[in-house]
Amino acid sequence: SDGGAYVYVLGEAYGGPVNGQDLWMRKYSIAGVMQWTTTYNSPNNLTDRGMGLVGGDGSNFYVSGDQYVDVSGNSDALLQKYDTNANLLWQKTVASAGGRRTWADVARDPGGLGVYVAGREGPSTNTDIVVKKYDNTGLVEWTTTYAGPNGGIDEGVGLFVSLASNVYVAGYERRSVGQLDDVWVRRYNKDAFQGGSAGTTKIWAGTNGGLASLGTNWFGGFAPVNGDYVVFGATSPQNNCNWDLNV
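Every chain is numbered on its own, with residues counted from 1 as its sequence reads. Where local features are concerned, this predicted model is filtered to residues with pLDDT of at least 70; where side-chain atom pairs are given and counted, the filter is 80 or more; whole-chain, interface and lining totals use all residues. Excluding hydrogens and water, the side-chain figures rest on all heavy atoms present in the structure.

1. Let's talk about the packing of aromatic side chains
Where two aromatic rings form a pair, the distance of their centres and the angle of their planes describe that pair.
Argument step 1. Here a Phe, Tyr or Trp ring, Trp counted by its six-membered ring, pairs with any other such ring whose centre lies within 6.5 Å, and the pair is stacked when the planes are under 30 degrees apart, edge-to-face when over 60, and tilted otherwise. Per the stated rule, a full pass over the model turns up 8 aromatic pairs.
Argument step 2. Here Trp-36 and Phe-61 contribute two aromatic rings whose centre-to-centre distance is 6.2 Å and whose plane-to-plane angle is 15°, an arrangement assigned as stacked. Residue Trp-36 is located in strand β3 (residues 34-40), and its partner Phe-61 is located in strand β5 (residues 60-68); the two are separated by 25 residues in the primary sequence.
Argument step 3. Ring centres of Tyr-146 and Trp-184 lie 5.0 Å apart, and the angle between their planes is 40°; this geometry places the pair in the tilted category. Here Tyr-146, found in strand β11 (residues 140-146), pairs with Trp-184, found in strand β14 (residues 182-188); they are 38 residues apart in sequence, far enough to count as distant. For the purposes of this entry, the term helix denotes a DSSP run of H or I that reaches at least four residues, the term strand denotes a run of E that reaches at least two, and both are numbered from the N terminus.

2. Considerations on the sheet that holds β3
Argument step 1. Strands were regarded as paired on the criterion that DSSP finds at least two bridges between them. Spatially, the 3 strands line up as an open sheet ordered β1-β2-β3, and their pairing is antiparallel. Each edge of the open sheet is held by one strand with a lone partner, namely β1 (6-14) and β3. Taken over all neighbouring pairs, the strand axes of this sheet differ in orientation by 20° on average, direction set aside.
Argument step 2. Strand direction decides the pairing type here: β1 and strand β2 (residues 21-29), joined by 9 bridges, are antiparallel. Note that in β2 the partner of Tyr-14 across the bridge is Gln-21. In this analysis, axes come from line fits to C-alpha atoms, helices being fitted only over the stretch in contact, and the angle between any two N-to-C directions falls in the range 0 to 180 degrees.

Written as structure tokens, this is what we have:
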């Protein structure tokens, strides 16, 4: 939302046989009247995905996602800043380096101290969770990563910044091939210091204690409630397309 007056919708749209899937955005008034629609097609003319969007100050908003660099799905992480008329103010990418880099979510600091992104980096079978902070002009202030034990796929998919500028990241880790995804939550402060207090990192094991199985557990977002945080997502105990909502 944009100061409560407008609503933004983010996704993908088919750009034709040359462009492939394009990042797509639309702005509505609170009454549902469309204001504008815009798309983004990267120079690679492959899939471009919008995955996270945050506004809030009435003058600009941020979009996170990725842009494919080849047909195998290797991608650059993508962060864009727009004004409320859909003019692109700046764009920052983190190069694929032969792997999959994605910013799955974006959040701005409520005190105006910058913007945070969370996602993944690495080859398709061994990605790490990545959290990065930019200042309001797009300069990187810090980057921190997390690699789960024994390799496997780890990804940050949800991000929330509290009024005290504590950064909460939710995601999942898969410690070996064929293992369930374990829910993963970590708290950082605005300077990327994880801290030593109990509960700074929380992992909920998947069904069967995280042992090899067809089941899958992963969570993806946050919402502030009385100064705390809520983790939410879905669980498919048998990986059979039957999903349970979890909060």
